[in-house]
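What follows is each chain in one-letter form.
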Amino acid sequence: MANSEVYVLGGYQTDFARNWTKESKHFSALMRESVLGALQKCDIAPEEIESAHVGNFAAELYCMQGHLGAFFTEVHPAFSGLPTGRHEAACASGSIALLAASAEIEAGRYGLQAVVGIEQMKTVAADKGGDYLGTAAWYDQEAEGIEFPFPKLFGRLGDEYDERYGLKDEYLAEISRLNYDNAKLNPNAQTRTWYMNKEQALCRTDDNPAIGGRIRIADASQVTDGAVCVFLASREYAERYAKGMGKKLSEIPRLKGWGHNTARLRFDDKVAESKGNAYVLPHVRSTITSAWQRAGLEDVNGVDGIETHDCFTTSEYMAIDHFGLTAPGESWKAIEEGWLEIDGQHPINPSGGLIGAGHPVGATGVRQVLDSCLQVTGEAGAYQVEGAKNFQTLNIGGSGTTSVSFVVGVD
Amino acid sequence: MSENTASASGSRLRKLLASRDIQHVVVLGANGTMGYGSAALFTQAVPRVTFLARSREKAEEGLAAAIKQVRSPTVATRSDVGDYGVDLEKALETADIVFEALTEDLEIKRGIFDKVEKGRRADSIVATVTSGLSINQLCEGRSDSFRKHFMGLHFFNPPNVIVGTELIPGKDTDPELVAFVEAFARVRLGREMVRTSDSPAFAGNRVGFKVLNEAAQLAEQLGPVLVDRLIGPYTGRALTPLATIDLVGWDIHRAIVDNIHANTTDEAHATLKMPDYMANMMAAGVLGNKTGAGFFKKDGKTRLALDPSSGDYTPESEIKLPDLSYIDAVAEKHSVGRYAEGMALFLAAEGDEAAIARKVIAGYISYAFHRAGDVTESITGIDMIMGAGFNWAPPSVLVDTMGVGPAVAMIEQAGIPVPANLAEAASAGRTEKFFNHEQVNVGKYFVAS
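Worth saying up front: this structure is predicted, and the values here are computed from it rather than measured. (Residues numbered from 1 in each chain as written. Chains lettered and ligands numbered in written order. Predicted model: local features only at pLDDT ≥ 70, side-chain atom pairs only at ≥ 80, totals over all residues. Heavy atoms only, no water.)

In this section: the overall build of chain B. Within chain B one finds 21 helices and 11 strands. Computed over its C-alpha atoms, the radius of gyration of chain B comes to 23 Å, within 12% of the 22 Å expected for a compact globule of 449 residues. Overall, chain B is about 65 × 50 × 40 Å in size when its C-alpha atoms are taken along their principal axes. Taken across its 449 residues, chain B has 57% of its residues classed as buried. (Helix = DSSP H or I, 4+ residues; strand = E, 2+ residues; numbered from the N terminus. Rg over C-alpha atoms; globule rule 2.2 N^0.38 Å. Buried < 20%, exposed > 50% of the residue type's maximum accessible area, 1.4 Å probe, protein only.)

Rendered as C-alpha cells:
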C-alpha cells in the first residue's frame, strides 16, 4: 500500500468571523484568499498544482452561481487549463472533495492537488438560509414550509437519545460551553469574541430562544462565510516537498484512514432502521470504525483528539458514544469526567468545532482536516493538544445521512 | 516583552491563567458607558461583578444598561450593586480586580483611589480604563503594593463589540501581573490585546484620531461628503472617518485630539489641531449623532451634510462631486479579492482628489511608523490596535499591499517624512512583509465600496 499513501502538506483557512457580504465581496474573493493563503503558508508555487477539487453545498442558492470548479482557474494564471471539479454532499461536501482528490492520488493520476471547501452564507436572511439548508434533508417531505428544519431534525436526535437512554439538557449545555471556550483560543473562530458561558448556554428564556424542540440558539452551529484550502500529495511529491522544507517525510501528516457511508435521507427512516441497535446512527459508527481499520487502529485510544461535526450539541452528544468514548447512551459520562477538554483524556473540538469555530457548510470537512494537521504537527497554537500524533475527523451531511471520517496523523 | 499572547503556546497560556483565580471584580463608575460596558464584559468570565457608583440608584441604572447591552441573563445573576459610601469598603475586601471607570479627571480618580488604597487586599489588581490620563501619574504617591498592582486596561467603546484592547503597565507594575491580565483578557474575555507605553492617548487613539482630525480639517474646504468618499472603505476601513467622529461624539473627539496636541510635539503636530469650525458648532450644541447632528444628519430618510463654512445642512443628493470613477475601479478589484491591484489603481489615479486621499493615507502610514518603538514596542502593536480597535487596515498591511517601494514613493510625493525603516527597505529593494501576524486575514480590511 506504500504507493497509495496520501499526504497533507498543509493549508489555510479564512477567518470565519468575517462577513463577506458586509465587505461587499464576491465569493471568488473568498476562494482566492484561501488558495493564495495556502500557497504562501506552504511555500508552494502555483505552477506545482496539478488538479483542484472544490467542496461546496449550495452556491447556486446563496450566490446564484454554479460551476465552482471553474472559479479555481480565476485565482492564478497558472491554473488556467487545470482539471477541476466540484463536489456536493450537503455539510459533508468538503470531505467528499477530499475523498475524490485522495482517490486520484492513490490511483497515481496526480502528485499534488488543491482541495478547497467553501461556502458564503451571509448573503441571505436567517429564515431564507434555514430554508436553503432544508435541501440537505428530503426537502418537500421534511423541510418545506418549516421554519429552521435542521434544528428540529437534530432536536429529534436528542429526543431519540432521551427515549432510548435518557438525556439531560445540562449535558448539551456543557458541550456548547466547551466549544465556545475552545473557540476563544482559536484566532480564526467565528465566536471567539462572543459573550458566552455555561449559564448562558443553559438559559431557557428568550435570551437563548428555542429554535427546534430542545435545540436552542446556544446549541446550534453558526451561519458562516468561510473557505479552507489544503494540499494533498503523493508520497513521491511529499518526499520532495519534505526535503525542500528541511523536514523528514515522517513529519508530514498523512491521511492514514478514511470512512464513508451514506444512510437513508429521511431522519425517520434512519431511526426506524436503527431500532434495536445500540447505536442511534449505526452508519455513522461504521464510518468511524472503518477509518480506524484502514488506519490500523484498534479504537478511539489510537487517536489523540477528535474534530467532530457538532452542527448541534446533539450531534456531538451522538459522536461521543459512536466514537466509543463511552458505552452507547452514556455520552454524559465523558462530559461529566471532563474528558473532552483540551487537556482531558479524549479532547473533542479543540478548535471550537462548528458551534464555536463556525460552519461554512462546504468548508467544514476541509477545516477539520486542516485543524487535525495543525494538531499533529504541533502548530495549533493556543488550542494545541500537547503531543498529538493522530487526530480523527467526523463530518456529517444532512440529518446523519452522509458521514465521512479521516484519521490524520504523523508517524 | 510579548506584544501579543496570540502567539503564546497553549501550555504557557494555561499556566498563566492558573496563576490567579478571579472570583470577584468591582467596577467603579459602573453607571458610565465604559463602566457598565466593561462590567458586562467581566460577567462573562467572573462569578461575581459588583457595580458601584455614587448612589445605588446610579449603579442600578448601570446594571440595567449592561443587561440591555449584552442580552445575557448571566449579567444579572452574577452582579450586585452599591455605592461608594456604604458598599465600597466591603466590596474591596473580596475584590480580585478593582476596575476604575470614573470621569476622565485626574483629581476625581485620585479621590477614589484614596479609598481603594485603604480597603483593597494587598494582592488585588487595580486597573483603570482611562483613555487619556497618564498611568504613572494616576498612581503617583501610592504605596508600593498599589503601584505594583496598577495598570491601564483600555477597552474601546462599546466593549462588547470592539475587541481591540490596550494594556498599559506603569513603571512599577509587576510584569507577571501584566502577563496574567493579558492572558485573562484574551482567553476569558475574547480580547485582542496590545501593550502600549504610558504615552498621550496611548497607541490606537493617538494614530487613529490624527487621521480623523485631518479628515475634519479637510472637510472645511472639501465638505464632509467628498472627504468621506475619498477616505472611504476602499482605503481600508469599515466606517468612513467623519461618520466615525459623529458616532464617537465631537466632544470625545475634542478631548482626545486636544490631549494629544497639548502633550506631544511630533512631526505631524498641525494635523492634531481641531478645526475652529468644529469648536464653534460645538458651542451651539452640535456633538454628532448623540445630538442628532454632526457632519451629517438625517431628515426623515434624507441624509444631509454639513457645510462647515455656513453651518447649514444640504441634502447629500444635491452635492456635486468631481469625477471619482477611480474609486469604483479600486472597489471592483477589492470585490474579487485583488487587493494589490486595487491599491495599485489607487496609487496611479490621476487628479487632485486622489492626491488628497493619498496624502491622508501616506500621513497615516508615516505617523504610525514614526510612533513605533515609542508608543508600542514595534509597529506590530500599532497594527493590531488599528485593526482590532478601529477596523482599519493596519499601516503595515497597506505598505505590504502597495509594496514598500510604491508606498515610500507615495509618502515622498505627499511631502511627508518617510519612516527610516521603510526608506531603507525601499532603497535596498527588499521585499519582506512588515505585517507580522500571520493569523490575521489582511483581505478583510479592504472593503469593496
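Time to look at the packing of aromatic side chains. All names here are of chain A. By the definition in use, this model includes 26 aromatic pairs over all chains. Ring plane angle 55° and centroid distance 5.2 Å describe the contact between phenylalanine 27 and phenylalanine 71, whose orientation is recorded as tilted. One end of the pair, phenylalanine 27, is in helix H1 (residues 27–42); the other, phenylalanine 71, is in helix H3 (residues 68–71), with 44 residues separating them in the sequence. Taken individually, phenylalanine 27 and phenylalanine 71 each receive the classification buried, so the pair is uniform in this respect. Judged by centre distance (6.4 Å) and plane angle (35°), the ring pair of tyrosine 180 and tryptophan 194 falls under tilted. (Phe/Tyr/Trp six-rings, centres within 6.5 Å; stacked < 30°, edge-to-face > 60°.)

What follows covers the sheet that holds strand E10 (residues 302–307) of chain B. Residues and elements named next belong to chain B. If you trace the 3 strands from one edge of the open sheet to the other, you get E9-E10-E11, paired in antiparallel fashion. The open sheet has two edge strands with one neighbour each: strand E9 (296–299) and strand E11 (312–315). Taken pair by pair, the neighbouring strands of this sheet meet at an average axis angle of 40°, ignoring direction. (Pairing = 2+ DSSP bridges. Axes fitted to C-alpha atoms, helices over the stretch in contact; angles between N-to-C directions.)

Residues and elements named next belong to chain B. Of note, threonine 264 is situated in the loop between helix H13 (250–263) and helix H14 (276–283). The class of threonine 264 is buried, set by a relative accessible area of 7%. Within the local environment of threonine 264, its side chain forms a polar contact with the backbone oxygen of isoleucine 260, the two atoms lying 2.6 Å apart. Excluding residues that lie within four positions of it along the chain, threonine 264 makes contacts with Pro200, Arg206 and His269. (Polar contact = N/O pair within 3.5 Å; in protein donor to acceptor, adjacent residues only side chain to side chain. Contact = heavy atoms within 4.5 Å.)

Attention now moves to the interface of chain B and chain A. Each side of the interface is counted separately: chain B has 37 residues, and chain A has 38 residues. Summed over both sides, the interface of chain B with chain A buries roughly 2900 Å², with 45% coming from carbon and sulfur. Of all residues in chain B, the largest losses of buried area upon contact with chain A belong to B:Arg14, B:Gln44 and B:Asn441, amounting jointly to 21% of the total for that side. Along the contact surface separating chain B from chain A lie 3 salt bridges. For B:Arg78, the salt bridge is made with A:Glu199, and the minimal N-O distance between the two is 2.5 Å. (Buried area = accessible area lost by both parts, 1.4 Å probe. Salt bridge = Lys/Arg side-chain N within 4 Å of Asp/Glu carboxyl O.)

Here the structure, examined in full by the defined rule, presents 0 disulfides over all chains. The thiol sulfur of A:Cys229 is not disulfide-bonded, and the nearest other cysteine sulfur, from A:Cys42, lies at 7.9 Å. (Disulfide = S-S within 2.5 Å.)

Right, let's get into helix H10 (residues 235–244) of chain A. An α-helical turn contains 3.6 residues, so a residue and the one three or four places further along point in the same direction. Residue and element names in this part refer to chain A. Within H10 the residues assigned to the buried category are Tyr237, Ala238, Tyr241 and Ala242. Here the buried residues of H10 occupy an arc of 130° about the axis, which is enough to place them on one side. Opposite the buried face of H10, by more than 90 degrees, sit the exposed residues Glu236, Arg240, Lys243 and Gly244. Elements in contact with the buried residues of H10: strand E1 (6–13), H1, strand E4 (112–119) and strand E7 (226–234). Following H10 by one or two positions, glycine 246 has its phi on the positive side, about 70°. (Arc of directions from axis to C-beta.)

All names here are of chain B. Spatially, 8 strands are ordered E3-E2-E1-E4-E5-E6-E7-E8 in an open sheet, and the strand pairing comes out mixed. Of all strands in the sheet, those bounded by a partner on one side alone are strand E3 (79–83) and strand E8 (192–195). Neighbour to neighbour, the strand axes of the sheet diverge by 25° on average, direction disregarded. Lying over the sheet, helix H2 (residues 33–43) contacts strand E1 (24–28), strand E2 (48–53), E3, strand E4 (97–100) and strand E6 (150–155), oriented at roughly 170° with respect to E2. Contacts from helix H9 (residues 175–187) reach strand E5 (125–128), E6, strand E7 (164–169) and E8, with the element oriented near 155° to E8.

Let's shift gears to the nonpolar core. The biggest cluster of nonpolar side chains holds 122 residues, and the ones touching the most others in it are A:Leu9, A:Phe231 and B:Tyr326. With 80 residues, the next largest nonpolar core counts A:Val228, B:Ala40, B:Leu41 and B:Ala179 among its residues. (Core = buried A, V, L, I, M, F, W, Y, C linked by side-chain atoms within 4.5 Å.)

What follows covers the environment of A:Val230. All names here are of chain A. Considering the arrangement of structural elements, one finds valine 230 in strand E7. Spatially, the C-alpha atom of valine 230 lies 11 Å from that of alanine 363, the residues being 133 residues apart in sequence. Once residues within four sequence positions are removed from consideration, valine 230 is found in contact with Val8, Gly10, Gly11, Leu98, Gln113, Ala114, Val115, Val366 and Leu370.

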